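# Descriptive structure summary
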There are 2 protein chains.
Amino acid sequence: MEKIPYKTYLDEAEMPKAWYNIRADMKNKPAPLLNPATHQPMTAEELSPVFCDELIQQELDNDTPYFPIPEEILDFYKMYRPSPLVRAYFLEKKLGTPAKIYYKFEGNNTSGSHKLNSAIAQAYYAKKQGLKGVTTETGAGQWGTALSMACSYFGLDCKVYMVKVSYEQKPFRREVMRTYGASVTPSPSDTTNIGRKMLAEFPGTGGSLGCAISEAVEVAVGSEGYRYVLGSVLNQVLLHQSVIGLETKIALDKLGEKADIIIGCAGGGSNLGGLISPFMGEKLRGEADYRIIAVEPASCPSLTRGKYAYDFCDTGMVCPLAKMYTLGSSFIPSPNHAGGLRYHGMSSILSQLYDDGLMEATSVVQTNVFEAAEMFARVEGILPAPESSHAIRVAIDEALKCKETGEEKTIVFGLTGTGYFDMVAYEKYHDGEMSDYIPTDADLEKSLSRLPQID
Amino acid sequence: MEKIPYKTYLDEAEMPKAWYNIRADMKNKPAPLLNPATHQPMTAEELSPVFCDELIQQELDNDTPYFPIPEEILDFYKMYRPSPLVRAYFLEKKLGTPAKIYYKFEGNNTSGSHKLNSAIAQAYYAKKQGLKGVTTETGAGQWGTALSMACSYFGLDCKVYMVKVSYEQKPFRREVMRTYGASVTPSPSDTTNIGRKMLAEFPGTGGSLGCAISEAVEVAVGSEGYRYVLGSVLNQVLLHQSVIGLETKIALDKLGEKADIIIGCAGGGSNLGGLISPFMGEKLRGEADYRIIAVEPASCPSLTRGKYAYDFCDTGMVCPLAKMYTLGSSFIPSPNHAGGLRYHGMSSILSQLYDDGLMEATSVVQTNVFEAAEMFARVEGILPAPESSHAIRVAIDEALKCKETGEEKTIVFGLTGTGYFDMVAYEKYHDGEMSDYIPTDADLEKSLSRLPQID
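As a starting point, this report considers the structure included with it.

About the cut-offs
- Residues numbered from 1 in each chain as written.
- Chains lettered and ligands numbered in written order.
- Predicted model: local features only at pLDDT ≥ 70, side-chain atom pairs only at ≥ 80, totals over all residues.
- Heavy atoms only, no water.
- Pairing = 2+ DSSP bridges.
- Helix = DSSP H or I, 4+ residues; strand = E, 2+ residues; numbered from the N terminus.
- Buried < 20%, exposed > 50% of the residue type's maximum accessible area, 1.4 Å probe, protein only.
- Arc of directions from axis to C-beta.
- Contact = heavy atoms within 4.5 Å.
- Salt bridge = Lys/Arg side-chain N within 4 Å of Asp/Glu carboxyl O.
- Buried area = accessible area lost by both parts, 1.4 Å probe.
- Polar contact = N/O pair within 3.5 Å; in protein donor to acceptor, adjacent residues only side chain to side chain.

## A closer look at the sheet that holds strand 14 (residues 360–364) of chain B
Residues and elements named next belong to chain B.
- Read from one edge to the other, the open sheet built from seven strands follows the order 1-4-5-15-10-11-14, with strand pairing classed as mixed. Strand pairing shows two members of the sheet lacking a second neighbour, strand 1 (7–8) and strand 14, which therefore form its edges.
- Where strand 10 (residues 261–265) meets strand 15 (residues 410–415), three bridges bridge the pair, whose relative direction is parallel. By the bridge assignment for strand 15, isoleucine 261 is matched with isoleucine 411.

## Some details on helix 18 (residues 441–448) of chain B
All names here are of chain B.
- All of the buried residues in helix 18 are Leu444, Ser447 and Leu448. An end-on view of helix 18 places all buried positions within 95° of arc, on one side of the element. Exposed and oriented more than 90 degrees from the buried face of helix 18 are Ala442, Glu445 and Lys446.
- For helix 18, the secondary structure elements touched by its buried residues are helix 13 (302–305), strand 12 (307–312) and strand 13 (321–326).

## Overview of the pattern of salt bridges
- One pass over the structure, following the stated rule, counts 56 salt bridges over all chains.
- With a shortest N-O distance of 3.1 Å, Arg291(A) and Glu398(A) are connected by a salt bridge. Residue Arg291(A) is located in strand 11 (residues 291–297), and its partner Glu398(A) is located in helix 16 (residues 386–405); the two are separated by 107 residues in the primary sequence.
- For Glu398(A), a relative accessible area of 5% gives the class buried.
- For the salt bridge of Arg285(B) with Glu287(B), the shortest nitrogen-to-oxygen distance reads 2.9 Å.
- The network of salt bridges with shared partners includes Arg174(A), Glu175(A), Arg178(A), Glu427(B) and Asp431(B).

## Quick word on the interface of chain B and chain A
- Taken together, the contacts link 43 residues of chain B with 43 residues of chain A.
- Summed over both sides, the interface of chain B with chain A buries roughly 3900 Å², with 57% coming from carbon and sulfur.
- Across the contact surface, chain B and chain A share four salt bridges.
- Notably, a salt bridge pairs Glu427(B) with Arg174(A), separated by 3.0 Å at the nearest N-O pair.
- Where chain B meets chain A, there are 23 residue pairs in polar contact (both at pLDDT 80 or more).

Remember that the coordinates give geometry; whether it matters functionally is a separate question.
Given below as structure tokens:
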């Protein structure tokens, strides 16, 4: 038998030409977005002041299994795709496990993560619609960076509202966005009504993701030729991110490998949803079975400790309601938490799949995550993002279980990105200043008590 | 004719199995290192307290054309090699040039540059010799990061002396090194005689590369089981870096392409020397002809404005003398200069080739470099290191000349690394605070007047 190469790259001809829409194979479809005023499903018309038309179609389509990827996007994908599927020989050796470990590495691009897969798609449809530009918010900065790159490519204006505390603490992310021509505004700002209101009420505030979303939406809706775009949670984002899973599946098939366990970190669900799509599709169609594990931080455990209910997508409560596993839109994870997995809710698609018992979820504490990150960096060479390291942690744990049982399972995990802009978190870990805050039941009860009442 | 793919990766089986020693094909060999006391060529014995034995052999061998790459190093190379040879379709389109532009991208690894190619080799030979660890200095931090990764892989101790001002201004680089288990000491430090002397004489000094070298050498020579390692300039480093050029040549041959112009940035010469090796070899053997262009910063123009003479390799004057194009070891480029191309001299091999008229050299000012960097980032997606961007600048200029003349030349340049840890420089550029300092003739006369007198 030929030895499996360390890295597998698809040829250009082997790359996926269409995104896969997992909803087409779901028996229980994800619940629709609701109008926050009427509690009725949002129509395409109602969504059109906020989102691009073609993206709305993708958002609402629960039936079409494949969406061809436009040529322009395929061209852009060539810059940084295919991403490699790596056989983690060095990690296997370090662990002494009989398991075979693979990871799909999405960090080999300047945005440093998988976010670019959807950013370029959303920018493309905005351009096609003849828009001038788009607005968005960013917290840790990966999404803002990805969108800046995508907008630069299509000559679109890009207005990023960056949570003020991140704007100040992550000047390098900001400069990457500026390099790609984006305007980056610390939020709250005096450029919007909601921003001015926040500044008046809470002078000196460091801002929040919820407020940044509200500012970005306000600017999009109020500006001629602008729409708002979002990097996770939405159905359309999972559709675009399916390219990760499709490439992974093609590469595994090519190698003659069958995954037993598929692991991904989960914040809003964009990476996990994309990675598992084609595998979950086989599972839904009864063609194959896989253990699929979502890994979330113990500090923000929406699947493992949240409630499956309709909730606001933003703390400002201006966006549609989504049914999802949620901790409540007023939940704010400890600022101590380093990763970008800080969203209070989970993609509606993944929430439904989880509720149907089609995937598992587990949570891990922060220092255990960084322990795994450092081990991984040392043996596999890549310094991982804190978010991705949640998946590494569980992949290592599963591989160690195989060591005990002697099972030669094939474990595949998503390595969503690199940690080059997260060295402050690594520094805290090295200096022993990182803590493992876990919200109390009382914390969660408090934020969950404020869920909207939907009949 | 089949369209050339955007990225070309070699298969594992196609990867080079031996490094190429350009000296074997040079009629005029590079001048030997001299003992600073006797002015006689350094012997292997004299070098052995400082360098690893097998690296000394590589350093002194002007005859053996190929050195097999040890299995252990080939294994490590698999983690991040082959690096892609990219056809810069997007850049060509942006420029509207008939030229075909290729770049060899060495930044897809956590050290962020090509430095890892030699770091892993030097760590390997240190391990093989049974050493406990190695010492080195780092300025911008790319070399220190690469060496930390390599030492971590082989379980070697790694002591990095980091120029104090960089240590303080680049805490993220420092944290990457710590992630790989290296000890990072700001230089000057109280851990060495020379450091204590400097601190007593110049309290509050930000340090210099020269002082950091002296500290690293002092610790290596004075510690049982340690040696000193260096990331550029030396013959052994160019030997290891030949892997860049060899892969490039194999990929071009596979694509049926023949380079007309080969361009690389040049500080100490490690990247340029590696990239051009096999092409220069053909040129030396009369098998093919290429225009080869070294690009250096106008702020530190050793080839274009320096003198070909014996000089000290370090400002502390503890290392052997090398014959090279030099600005004088007392030359210090403007602190304003952002790139890592700040070394006062140039590799002896490249100096000899340049003196023999086998390659060209040109210099570029800083803001022009960042203009090219930003354009490249926007169209090709990769945010380049300031060093690499010197080569981008000249590649663009050559492509624009082709646009004028209509010539369809094939241009190949080395993209040595990414700029993720250089965003302070980008910020200065965006804010219009970057200047184009060029040393005056009087500046150069002053530092060149202090060259050692060798008969």
